[in-house]
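Coordinate inspection notes
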Amino acid sequence: MKPIFAILTLFVSTLCLAQHEHTSQTIAKKSEHVAIFDQAFTDSSFVGKEIKVALFTVPAGAIDLTKHVHDCQLVGYILEGEVITKLKDKAPQHLKKGDVFYEFPNEVHESLQNPNEKMDARILLYYLFNKGAVLYKKLEK
């Protein structure tokens, strides 16, 4: 009876480990995007322009392969943690706390990963856009 119990325990442990590894390859906990500031410019040199600031949280261990674009100028500042971001035709960027990045309008964003399995990454995002712009557009595969 003991050998069967040991084999069953090994099987269940392996199954649980495989499921854990699967959740680290997908987003077990969804990324969170919270707008914290949204303002249209009133200065005549910025007619029709708006700014939005958001706090973006990337869960620990998350990998997001959703290709998308932003119809705006986008600047990000890593507040906590680290991320690896990949834009089309560019080398991946490994960004850590204190790093700043920029994305051109409609540049294809291919992937985002938080390589830290224990700590969420928090990014402050600044969007500068024309009134009516689509700030996030998912692309077909």
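Refer to the structure above for everything that follows.
Per chain, residue numbering runs from 1 following the sequence as it is written. The model is predicted, so local features are restricted to residues of pLDDT at least 70 and side-chain atom pairs to those at 80 or more, both for listing and for counting; the totals for chains, interfaces and linings are taken over all residues. Computation of side-chain values: all heavy atoms of the structure, hydrogens and water removed.

Next up on the list: the environment of Lys49. Strands are runs of DSSP state E lasting at least 2 residues, helices are runs of H or I lasting at least 4, and numbering of each runs from the N terminus. Mapped onto the secondary structure, Lys49 falls in strand E2 (residues 49–58). Taking the C-alpha atoms as reference, Lys49 lies 9.7 Å from Ala133; in sequence the two are 84 residues apart. Here, two residues are considered to be in contact whenever any of their heavy atoms come within 4.5 Å of each other. The contacts of Lys49, once residues within four sequence positions are left out, are Ala40, Phe41, Leu128, Phe129 and Asn130.

Our next topic: the packing of aromatic side chains. Aromatic rings from Phe, Tyr and Trp, taking only the six-membered ring of Trp, are treated as a pair when their centres fall within 6.5 Å; an angle between ring planes under 30 degrees marks them as stacked, one over 60 as edge-to-face, and anything in between as tilted. Scanning the entire structure with this criterion turns up two aromatic pairs. Ring centres of Tyr102 and Phe104 lie 4.9 Å apart, and the angle between their planes is 85 degrees; this geometry places the pair in the edge-to-face category. Taking relative accessible area as the criterion, Phe104 reaches 48% and is therefore assigned partly exposed. Burial status follows relative accessibility: with a 1.4 Å probe on protein chains alone, a residue under 20% of its type maximum counts as buried, one over 50% as exposed, and anything between as partly exposed.

What follows covers the sheet that holds strand E1 (residues 32–40). At least two bridges found by DSSP between two strands are what make those strands a pair. The strand order E1-E2-E10-E5-E8 describes an open sheet built from five strands, whose pairing is antiparallel. Where the open sheet ends on each side, the last strands, each with one partner, are E1 and strand E8 (100–103). If you compare each strand with its neighbour and ignore which way they point, the axes differ by 20 degrees on average. Alignment of E1 against E2, held across eight bridges, turns out to be antiparallel. Pairing of Asp38 across the sheet is with Lys52, part of E2. Axis definition: a line fit to C-alpha positions, over the contact stretch in the case of helices; interaxial angles, taken between N-to-C directions, run 0 to 180 degrees.

Without other data, these values stay purely geometric and don't point to any function.
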